[in-house]
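Breakdown of the fold
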Amino acid sequence: MNRLTSKLQNLKENNKKALVTYLVAGDPDLDTTLDLMHLFVDSGVDVIEIGVPFTDPIAEGPTIQKAHDRALKNNISLKMILELVDKFRETNTETPIVLMGYLNTFISHIDLVQSIGENSADSILVVDVPGELNLQTYGITNPNINTISLISPTTKDDRVESIAKNSTGFIYYVTLRGVTGSSNLNIEEIKNNIQKIQQYSDAPTMAGFGIKSVEDASTLAACSDGIVIGSSIVEMIADESKTKEFGRIGEYLREMKTAIS
Amino acid sequence: MTFSNSNFPNKEGFYGEYGGKFVPETLMYALEELENTYNKLKDNKDFIDEFYKDLSHFVGRPSPLYFAQRLTDHYKSGSIWLKREDLNHTGAHKINNTVGQILLAKYMGKKRIIAETGAGQHGVATATVAARLGLECHIYMGAEDVRRQSLNVYRIKLLGAHVHPVDSGSATLKDALNEALRDWVTNVDDTYYIIGSVTGPHPYPMIVRDFNSVVGKEVIEQSKDLFGKMPDAVVACVGGGSNAMGIFHPFIDIKETRLIGVEAGGEGVSTGEHAAPLNDGTPGVLHGARSYLMQDESGQVKDTKSVSAGLDYPGVGPEHSWLKDIGRAEYVAVSDDDALKAFHEVTELEGIMPALETAHAFAYLEPLMKELDSSANVVVNVSGRGDKDINTVAEIDGIVF
């Protein structure tokens, strides 16, 4: 079974919520990204989402956009990211890895995506492909890779069902109208919509976009199968990119983990 | 009167293998809402009447098809006709599309209008129609373009709209589009996004094409009246490609007319420093559509270079990519230097100062008129007037005001 699927199933069976965290590969450099991935795991993270940098990341707010820009200054490519995952797997074969990015960077290296083996990345989340479209259409047929689709507050009911069917990893519920890192969570709307998704699908539903505080995390975890934290981590990475003193990130993640437990 | 009888795009928004809807999930419902509204209204008599009435009385259509005597004499062959989109209200073809889209916004009850702009012409055209309906308007513009198109920035502000300079990436048109999309993702409930070219996710390339096709339809009628047959060639500049698509589209089935799109060759296509994806790009996905794109081997979008802000864009409308692949339209490129030369030439010979974008189309007359028969009728789409470019041209000529 796919590493991501079995991990999430395992958590669910034990009545635990998943902590998913995001970082951009190569921000500030690949060695640091590798260290951060291990730090994430040591701090209680269940699933790591690696942002694949793109020049035109239209779903990202300023914080993650800037991280993409910094990574691109280091000429980070999908090939380098898969090598990074290989290095991570040398000491960690447990933690599922999701590659999150934009269609153009994946289809430019379809050969690489197709060659991803069992002991590498586990899932792909393409932000700019509508959920009911099958990634197979774009040549992504690798059986080692499952796919994650997004459902947003504006997704109509009829589409929720078809998107849920196509999502083999988990369903990523976008908790707000906006780009990554926005604020103003509408908790009632989120609760209702996640309930609706769960009527249509047994796939785990993660809540993400705009989660910053321990309170947000705790409230959202209560009505989902887990939470995704992105911008606030990326911001902390940027703040300490010179000193590389990331103790605060570990602390923050442990607090989050406690909040959702 | 209908807008278009085209079989393209298909239901999913594809022109052959180009186009589609590659957007974050939050926008899917907004695109669907827009498509449903448009499909309902495009055959609605009241809507069509209102659109054409606005084009007549607010824009000043039809624009003339004008015989360029001295330019014709200059090339000593054929006859050169100018489709005078520069005479439209606000000075460019861009107003045709904004007049149509603001009507869609009105019918959809949207209170807030956003748009991206490169040269500023689409920003002015959007701010103009928003002012006319009293709607809040926000224009995203690359910081580099804000600098080189300061006159249009001021015009947009005078019209009561807010200008948001965009510093990210290359600080030009593509980055303005990214930022407008982000605004739309955030404010999707009450906001209408008026895309300014035949780019972006479906249904935009179709809607912008249909509204701007009034240009080509007029040329067909005017050609019959003025020289009794269809033109041998229609020439238009291509950035995103809306002015070219507007004039090309009604001609697609008129096979005797060559359709020639002129891209921005910048420092020269062979240098790689240009904005000519149809000449030197490969298919990729940017801003919601698959189309020819200037990208590196990792799928990262390349920075572009052109003296003309309106053509300084790494992508192109998907229908152009399709017309290129099926061979129905030809796409060439001319350099900054040749475009500037044509700018001066047309200004001096015809008393018409073209936009730098348009000057690219004029520059291609040099090789084209040599190649065509001496009886050939050639139509150049004068997509906009050049007042906005005076600062750029003066700077290049070393003139300080």
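Residues numbered from 1 in each chain as written. Chains lettered and ligands numbered in written order. Predicted model: local features only at pLDDT ≥ 70, side-chain atom pairs only at ≥ 80, totals over all residues.

1. What to know about the overall build of chain B
When helices and strands are tallied, chain B shows 17 helices and 14 strands. For 401 residues, the compact-globule estimate of 2.2 N^0.38 gives 21 Å, and the C-alpha radius of gyration of chain B, at 19 Å, lies within 12% of that figure. For chain B, the spread of C-alpha atoms along the principal axes amounts to about 55 × 45 × 45 Å. Sequence-distant contacts in chain B: of pairs separated by 6 or more residues, those separated by 24 or more amount to 74%. (Helix = DSSP H or I, 4+ residues; strand = E, 2+ residues; numbered from the N terminus. Rg over C-alpha atoms; globule rule 2.2 N^0.38 Å. Contact = placed C-beta atoms within 7 Å.)

2. Topic: the overall build of chain A
On a plain count of helices and strands, chain A comes out with 11 helices and 9 strands. Compactness check: chain A gives a C-alpha radius of gyration of 17 Å against a globular reference of 18 Å for 261 residues, within 12% of the reference. The principal-axis extents of the C-alpha atoms in chain A amount to approximately 45 × 40 × 35 Å. In chain A, buried positions account for 54% of the 261 residues. Taking the contacts inside chain A whose residues are at least 6 apart along the sequence as the reference set, 73% of them involve residues at least 24 apart. (Buried ≥ 20, exposed ≤ 12 C-beta atoms within 10 Å, placed from the backbone.)

3. Points about the pairing of strand β4 (residues 123-126) of chain A
Along any regular strand, the residues point their side chains to alternate faces of the sheet. Residues and elements named next belong to chain A. Going residue by residue along β4, you find S123 and L125 tucked away on one face and I124 and V126 tucked away on the opposite face as well. Pairing of strand β3 (residues 97-101) with β4, which is carried by 4 bridges, proceeds in the parallel orientation. By the bridge assignment for β4, M100 is matched with L125. Of the pairings in the sheet, the one linking β4 to strand β5 (residues 146-147) comprises 2 bridges and is parallel in character. Following the sheet pairing, I124 is matched in β5 by T147. (Pairing = 2+ DSSP bridges.)

4. Let's talk about the sheet that holds strand β13 (residues 329-334) of chain B
Residues and elements named next belong to chain B. Taken together, the 6 strands give an open sheet; going across it, the order is β3-β4-β14-β9-β10-β13, and neighbouring strands pair in mixed fashion. Of all strands in the sheet, those bounded by a partner on one side alone are β3 (65-67) and β13. Between one strand and the next, the sheet's axes are offset by a mean angle of 25°, whatever the strand orientation. Pairing of strand β9 (residues 233-237) with strand β14 (residues 377-382), which is carried by 3 bridges, proceeds in the parallel orientation. Looking at β14, one finds that A233 is bridged to V378. (Axes fitted to C-alpha atoms, helices over the stretch in contact; angles between N-to-C directions.)

5. Side note on the sheet that holds strand β7 (residues 162-166) of chain B
Residue and element names in this part refer to chain B. Spatial strand order, β7-β6-β5-β8: 4 strands in an open sheet with parallel pairing. Only two strands of the sheet have a single partner each, and these edge strands are β7 and β8 (191-193). The sheet shows a mean angle of 25° between the axes of neighbouring strands, taken without regard to direction. Here 5 bridges tie strand β6 (residues 136-142) to β7, and the two strands are oriented parallel to one another. In the strand pairing of β7, M141 is matched with P165. In the packing of helix α8 (residues 173-186) onto the sheet, the strands contacted are β5 (112-117), β6, β7 and β8, and the crossing angle to β5 comes to about 160°.

6. What to know about the domain arrangement of chain B
Residue and element names in this part refer to chain B. Here chain B is described as being made up of domain 1 (14-56 + 94-208) and domain 2 (62-91 + 213-396). Centre-to-centre separation of domain 1 and domain 2, based on C-alpha positions: 22 Å. Across the boundary between the two partners, domain 1 contributes 39 residues, which contact 39 residues of domain 2. For the side of domain 1 that touches domain 2, the secondary-structure elements that each account for two or more residues are β2 (18-19), α4 (94-108), α5 (121-133), α6 (143-148), α7 (150-158), α8 and α9 (204-212). The leading source of residues in the side of domain 1 that touches domain 2 is α5, at 4 residues. Considering only residue class, the side of domain 1 that touches domain 2 consists of 16 nonpolar, 18 polar and 5 charged. (Domains from an automatic or database assignment. Nonpolar A, V, L, I, M, F, W, Y, C, P; charged D, E, K, R; others polar.)

7. With respect to the interface of chain A and chain B
With 30 residues of chain A in contact, the opposing surface of chain B contributes 26 residues. It is helix α5 (residues 103-107) of chain A that provides the largest number of residues to the side of chain A that touches chain B, a total of 4 residues. Of the residues that constitute the side of chain A that touches chain B, the class distribution is 14 nonpolar, 12 polar and 4 charged.

8. Details of unusual backbone geometry
Glycine aside, negative phi is the norm for most residues, and most peptide bonds take the trans geometry. Put simply, D27 of chain A and P28 of chain A share a cis peptide bond, and its omega is 0°. Within the secondary structure, P28 of chain A sits in the loop between β1 (18-24) and α2 (30-42). Here the amide bond leading from F8 of chain B into P9 of chain B is cis, since omega sits at 0°, within 30 degrees of zero. Looking at where P9 of chain B falls in the secondary structure, it is placed in the segment before β1 (14-15). A positive phi angle is found at T90 of chain B, which is not glycine, with a value near 75°. Along the chain, T90 of chain B falls in the loop between β4 (79-84) and α4.

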